[in-house]
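Chain by chain, the residues:
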Amino acid sequence: ERKQLIVITPTYNRAMQGYFLNRLGQVLRLVQPPLLWIVVEMEAASLETAEMLRKTGVMYRHVVCARNSSAEDVKDRGVHQRNAALEHIERHRLDGIVYFADDDNVYSLELFESFRGISRFGTWPVAMLAPSKNKAILEGPVCNGTNVIGWHTNEKSRRLRRFHVDMSGFAFNSTILWDPKRWRRPSSAPIRQLDTVKEGFQETTFIEQVVEDESQMEGVPLGCSRILNWHLHLDARGLIYPKGWLLQKNLDAV
Ligand code: UDP
């Protein structure tokens, strides 16, 4: 029996949102079921997102996350939305492999089959592309077979991070969320993302709640030898449309 994949995507209204969500939806539609796509918006479910999800042909849940007033001034970047999805999975005991897929990254189809086979926690190298820096860097594990034996580091990681993993470079078994004993988790407190951590430490702080060390990780695919997804930094703020191309609603692009 094929393991269910549970893909969590925080999303928000901006110029390229329609393009991003459609692109991701079209990849997810090609993944072998069972797959559940949890799309999370802040404050209210937008009609455009709802309509796009209805058409996409993927099994989905459209979740809304209330704004936490104390978080107004914090650079949130989807943290509370991902937590709302984790709460949903935990509350409904949704069994599967959980993966955080931001809407703006690029994913190969093969990626999803690669981490479907993990038992506890899987991780892999992700290529980060930032046009302004004009180069690609790798972030993620160095592996011997499925054993994680080291990490690709970069300028960000000179600051001491325990695990050098991108948000889109790991996946884990959902039962860890509600069954700390079975998995001998470091703590039985709920596993959540924290809005209090410094930039660049979001992933490692999260992963430290899920595993104790590299011995509880599986590198995928074998030898972590291939790049299966890319973390882009395409800033759509201040985007200028050619005259006449202005989109009234951001999802009208399709
Ligand atoms: N995001 C969101 N609300 C925000 C900022 C980000 O829902 O206010 C989502 C965004 O759609 C994406 C994810 O969070 O799916 C990561 O955002 P972004 O790509 O801006 O973060 P970065 O890649 O720069 O860490």
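Asker: Please clarify how the environment of histidine 80 should be interpreted in this entry.
Answerer: Along the polypeptide, histidine 80 turns up in helix 3 (residues 79-91). Along the sequence, histidine 80 and arginine 54 sit 26 residues apart, while their C-alpha atoms lie 24 Å from each other.

Asker: Would you take a moment to explain the site of the ligand for this structure?
Answerer: Looking at the ligand, there are 13 residues lining it, with Pro10, Gln81, Asp103, Asp104 and His231 nearest. At a separation of 2.7 Å, an oxygen atom of the ligand approaches a polar side-chain atom of aspartate 104. Coverage of the ligand by the protein chains reaches 79% of its 520 Å² of free accessible surface. Residue composition of the shell around the ligand, grouped by class: two nonpolar, five polar and six charged.

Asker: Help me out: how do you make sense of helix 4 (residues 109-116) in this one?
Answerer: It helps to recall that an α-helix has 3.6 residues per turn; residues three or four apart then point in one direction. Within helix 4, burial applies to Leu111, Phe112, Ser114, Phe115 and Arg116. If you follow the buried residues of helix 4, they end up packed against strand 1 (5-10), helix 1 (17-30), strand 4 (97-100), strand 5 (106-107), strand 10 (170-173) and strand 12 (229-232).

Asker: Honestly, the packing of aromatic side chains in this entry has me stumped. Any pointers?
Answerer: Any two aromatic rings considered together are summarised by their centre-to-centre distance and by the angle between their planes. Enumeration over the complete set of coordinates arrives at 16 aromatic pairs. Taking 6.3 Å as the distance between ring centres and 55 degrees as the angle between the ring planes, the aromatic pair formed by phenylalanine 100 and phenylalanine 172 counts as tilted. Residue phenylalanine 100 is located in strand 4, and its partner phenylalanine 172 is located in strand 10; the two are separated by 72 residues in the primary sequence. Neither residue differs from the other here; phenylalanine 100 and phenylalanine 172 are each classed as buried. Ring centres of phenylalanine 115 and tryptophan 124 lie 5.3 Å apart, and the angle between their planes is 5 degrees; this geometry places the pair in the stacked category. Overall, tryptophan 124 belongs to the buried group, its relative accessible area being 1%.

How each quantity is defined
Residues numbered from 1 in each chain as written. Predicted model: local features only at pLDDT ≥ 70, side-chain atom pairs only at ≥ 80, totals over all residues. Heavy atoms only, no water. Helix = DSSP H or I, 4+ residues; strand = E, 2+ residues; numbered from the N terminus. Near = heavy atom within 4 Å. Polar contact = N/O pair within 3.5 Å; in protein donor to acceptor, adjacent residues only side chain to side chain. Areas by Shrake-Rupley, 256 points an atom, 1.4 Å probe, with all protein chains shown as cover. Nonpolar A, V, L, I, M, F, W, Y, C, P; charged D, E, K, R; others polar. Buried < 20%, exposed > 50% of the residue type's maximum accessible area, 1.4 Å probe, protein only. Contact = heavy atoms within 4.5 Å. Phe/Tyr/Trp six-rings, centres within 6.5 Å; stacked < 30°, edge-to-face > 60°.

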